[in-house]
Amino acid sequence: MIASAFEYHKPDTVDGVISLLSKWGDDARVVAGGHSLIPVMKQRMTDISHLIDLGGISELKGVSIDGDTITIGAMTTQHELATDEALAEAAPLIREASLQIADPQVRYMGTIGGNVANGDPANDMPGLMQTLDATYHLTGPAGKREVKARDFYEAAYFTAREDEEILTAISFAKPSGGFAYEKQKRKIGDYATAAAGVMITIVGGTCTAASVALTNLSDTPVYCGAAVDALVGSSLDDTTIKVAVAAAVDASDPVADTRGPVDFKKYVAGVIVKKAITSALARA
Amino acid sequence: MGKTHLKMTVNGKDVELMAEPRQLLIHVLREELNLTGAHVGCESSHCGACTVDMNGMSVKSCTVFAAQAQHAEITTIEGLGSPDGLHALQEMFKEHHGLQCGYCTPGMITRAHRLLQENSNPSEEEVRFGISGNLCRCTGYQNIVKAILAAAAKMNEMKESA
Ligand SMILES: Cc1cc2nc3c(=O)[nH]c(=O)nc-3n(C[C@H](O)[C@H](O)[C@H](O)COP(=O)(O)OP(=O)(O)OC[C@H]3O[C@@H](n4cnc5c(N)ncnc54)[C@H](O)[C@@H]3O)c2cc1C
Ligand code: FES
Ligand code: FES
């Protein structure tokens, strides 16, 4: 399995990338870790004549924690996310989710930018970014702009990013309260049959804030507003949790594939969301 | 879209060659450099038989373009030990029967090597999680895990007595 021939570019600035993308348009594509893109190129499911490697741009790398805001450069790898102690302290949910992605080899190469920009509903980070209410930072020929993760995904592989833009970083407010990312998969290295990210804040026995989102249960990641509405203001009793789980399952829209038929996936979604709420609650 | 001039350090030696950017690192190693230790199993990023060390990371070399390996520092199984000077991991795989057909073994050992660089005293669970990107169709993994744990102990012993 050999990809079609392409010309390889490795600019060292973001401006350099944008000018190549503007020049070659649809014929060009950026590569980050390559662990979603290269398999597709090898299968010749996509035709790219200019491959632009983002690996030479140092400003796209690294994690910064500035007061209440956490910013992660697009080229930060999943391995780096899982091993960064300061990040694990500030946002342990990131490590919990990163370690559930693929396998060690893939995590050394795969980046957070590639994972969220790809638009593959099976990727775990987009769902997690719904949970965290993250902001994506894009740069293109017209300059910089920000898009909320919750507004970014339009359909499988279709996002709010324009062809000539790249994602430079993601940022989110330092999370508080209990958290969990739960994922059901057939084996290590597999994409989710169903996964859910949950955050819960409790003050004086009442849930004052919550977030619930799903991975691989629709053609985009799903933020479950109705489940959140059910949780917030409640005492998180069993009945409330049941209502929230049902609302989350209702928001899912899976398709049948090798991971199972629709009914099975909805069933697993219910189990996983319940598990995520329960473990977030235990940590809140 | 011709060939590019590729410079890498492979098993401690500087190498230069002409390669197409789209060539896969595994093919460059096996076919251009004659290092046939790393194997091609699935060729689709799943089995880990092609695992080599690149810039301090375990990578599946079937999922790295030659162009991405420009200036990289690469270690393959050939760089870890030799028939008359086996690496502790190779010795322990032999001793604990950590291989049967041997197809997964170069990838498995190269991966285990990086794992032990990062965590010199892993638990059994950490070993299992650490090699979860490498499939073995023969052994059932038990003896591979034993071999890696024994190699860790041996390497620590060697470090202490050094
Ligand atoms: C065996 C295997 C198992 C896997 N299992 C999982 C899993 O369980 N969960 C999971 O989430 N993922 C999984 N993955 C995917 C893996 O995590 C990818 O590495 C990741 O999704 C993409 O990151 P990348 O850096 O490799 O991106 P690339 O493959 O380089 O790029 C992916 C796409 O995003 C675009 N892109 C990349 N970076 C940017 C940017 N900064 N701006 C704009 N566009 C950009 C590229 O043009 C391309 O279209 C798996 C992959 C493999 C091979
Ligand atoms: S041959 Fe590379 S992962 Fe199987
Ligand atoms: S020994 Fe045969 S595949 Fe592992």
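On a predicted model such as this, the values are computed, not experimentally measured, just so you know.

### A short note on the overall build of chain A
Point 1. Check the secondary structure of chain A and you find twelve helices and 14 strands.
Point 2. Compactness check: chain A gives a C-alpha radius of gyration of 19 Å against a globular reference of 19 Å for 284 residues, within 12% of the reference.
Point 3. The principal-axis extents of the C-alpha atoms in chain A amount to approximately 60 × 45 × 35 Å.
Point 4. Surface exposure of chain A reaches about 11700 Å², of which carbon and sulfur atoms provide 51%.
Point 5. Both charge centroids of chain A, one from 25 positive and one from 36 negative side chains, sit 6 Å from each other.

### Comments concerning the side chain of Glu182 of chain A
Residues and elements named next belong to chain A.
Point 1. Within the secondary structure layout, Glu182 lies in strand E11 (residues 178-184).
Point 2. A distance of 3.5 Å separates the side chain of Glu182 from the side chain of Ser279, its partner in a polar contact.
Point 3. Glu182 has contacts with Gln100, Ala194, Ala195, Ala196, Ile272, Lys275, Ala276 and Ser279, leaving out every residue within four places of it along the chain.

### Quick notes on the domain arrangement of chain B
By a widespread convention, an interface's size corresponds to the accessible area lost as its parts come together.
All names here are of chain B.
Point 1. Partitioning chain B into structural domains gives domain 1 (4-79) and domain 2 (88-161).
Point 2. Taking only C-alpha atoms, the centre of domain 1 and the centre of domain 2 are 21 Å apart.
Point 3. In this complex, domain 1 contributes 18 residues to the contact, which on the side of domain 2 involves 13 residues.
Point 4. Regarding the contact of domain 1 and domain 2, the summed buried area is about 1200 Å², with carbon and sulfur atoms giving 52% of it.
Point 5. Counting the contacts that link domain 1 with domain 2 gives one salt bridge.
Point 6. Counting the contacts that link domain 1 with domain 2 gives seven residue pairs in polar contact (both at pLDDT 80 or more).
Point 7. Grouping the amino acids of the side of domain 1 that touches domain 2 by side-chain chemistry returns seven nonpolar, nine polar and two charged.

### Digging into the packing of aromatic side chains
Residues and elements named next belong to chain A.
Point 1. Scanning all chains against the criterion turns up four aromatic pairs over all chains.
Point 2. Between Tyr136 and Tyr153, the ring centres sit 6.2 Å apart and the planes meet at 90 degrees, which makes this aromatic pair edge-to-face. Of this pair, Tyr136 sits in strand E6 (residues 135-140) while Tyr153 sits in strand E8 (residues 153-155), placing them 17 residues apart in sequence. Each member of the pair, Tyr136 as well as Tyr153, is classed as buried.
Point 3. An aromatic cluster of at least three residues, connected via ring pairs, comprises Tyr136, Phe152 and Tyr153.
Point 4. For the cation-ring pair, Arg150 lies above Tyr223, with the distance from its terminal atom to the ring centre recorded as 3.6 Å.

### Regarding the packing of helix H3 (residues 88-95) of chain B against helix H4 (residues 105-118) of chain B
Residues and elements named next belong to chain B.
Point 1. Running from N to C, H3 and H4 cross one another at 125 degrees; their axes reach a closest spacing of 10 Å. Considered as vectors, H3 and H4 are oriented oblique to each other. Handedness of the crossing formed by H3 with H4: right-handed. Taken together, the residues of H4 that come into contact with H3 (itself represented by Leu89, Gln90 and Phe93) are Thr105, Met108, Ile109, Ala112, His113 and Leu116.
Point 2. Of the residues belonging to the contact of H3 with H4, the class tally is six nonpolar, three polar and no charged.

### So, the pairing of strand E2 (residues 13-19) of chain B
All names here are of chain B.
Point 1. Looking at chain direction, strand E1 (residues 4-10) and E2 are connected through seven bridges and run antiparallel. Each residue of the ladder has a partner; that of Thr4, found in E2, is Ala19.
Point 2. Following E1, the chain reverses through two residues before pairing antiparallel with E2; Asn11 in that reversal takes a positive phi of roughly 50 degrees.

### Brief notes about the confidence of the model for chain B
Point 1. The pLDDT averaged across chain B works out to 97; a share of 99% of its residues lies at or above 70.
Point 2. Reported confidence for the predicted complex is 0.97 by ipTM and 0.97 by pTM.

### Topic: the environment of Asp237 of chain A
All names here are of chain A.
Point 1. Among the secondary structure elements, Asp237 is positioned in the loop between helix H10 (225-231) and helix H11 (238-251).
Point 2. Along the primary structure Asp237 and Gly114 are separated by 123 residues, whereas in three dimensions their C-alpha atoms are 39 Å apart.
Point 3. Separated by 3.3 Å, the side chains of Asp237 and Ser235 make a polar contact.
Point 4. Here Thr240 takes part through its side chain, which lies 2.7 Å from a polar atom of the side chain of Asp237.

What counts and what doesn't
- Residues numbered from 1 in each chain as written.
- Chains lettered and ligands numbered in written order.
- Predicted model: local features only at pLDDT ≥ 70, side-chain atom pairs only at ≥ 80, totals over all residues.
- Heavy atoms only, no water.
- Helix = DSSP H or I, 4+ residues; strand = E, 2+ residues; numbered from the N terminus.
- Rg over C-alpha atoms; globule rule 2.2 N^0.38 Å.
- Areas by Shrake-Rupley, 256 points an atom, 1.4 Å probe, with all protein chains shown as cover.
- Lys, Arg positive; Asp, Glu negative; His and termini not counted.
- Charge placed at Lys NZ, Arg CZ, Asp CG, Glu CD.
- Polar contact = N/O pair within 3.5 Å; in protein donor to acceptor, adjacent residues only side chain to side chain.
- Contact = heavy atoms within 4.5 Å.
- Domains from an automatic or database assignment.
- Buried area = accessible area lost by both parts, 1.4 Å probe.
- Salt bridge = Lys/Arg side-chain N within 4 Å of Asp/Glu carboxyl O.
- Nonpolar A, V, L, I, M, F, W, Y, C, P; charged D, E, K, R; others polar.
- Phe/Tyr/Trp six-rings, centres within 6.5 Å; stacked < 30°, edge-to-face > 60°.
- Buried < 20%, exposed > 50% of the residue type's maximum accessible area, 1.4 Å probe, protein only.
- Lys NZ or Arg CZ within 6 Å of the ring centre and 35° of its normal.
- Axes fitted to C-alpha atoms, helices over the stretch in contact; angles between N-to-C directions.
- Parallel < 35°, antiparallel > 145°, perpendicular 65-115°, else oblique.
- Left-handed = near helix turned anticlockwise from the far one by under 90°.
- Pairing = 2+ DSSP bridges.
- pLDDT = per-residue confidence, 0-100.

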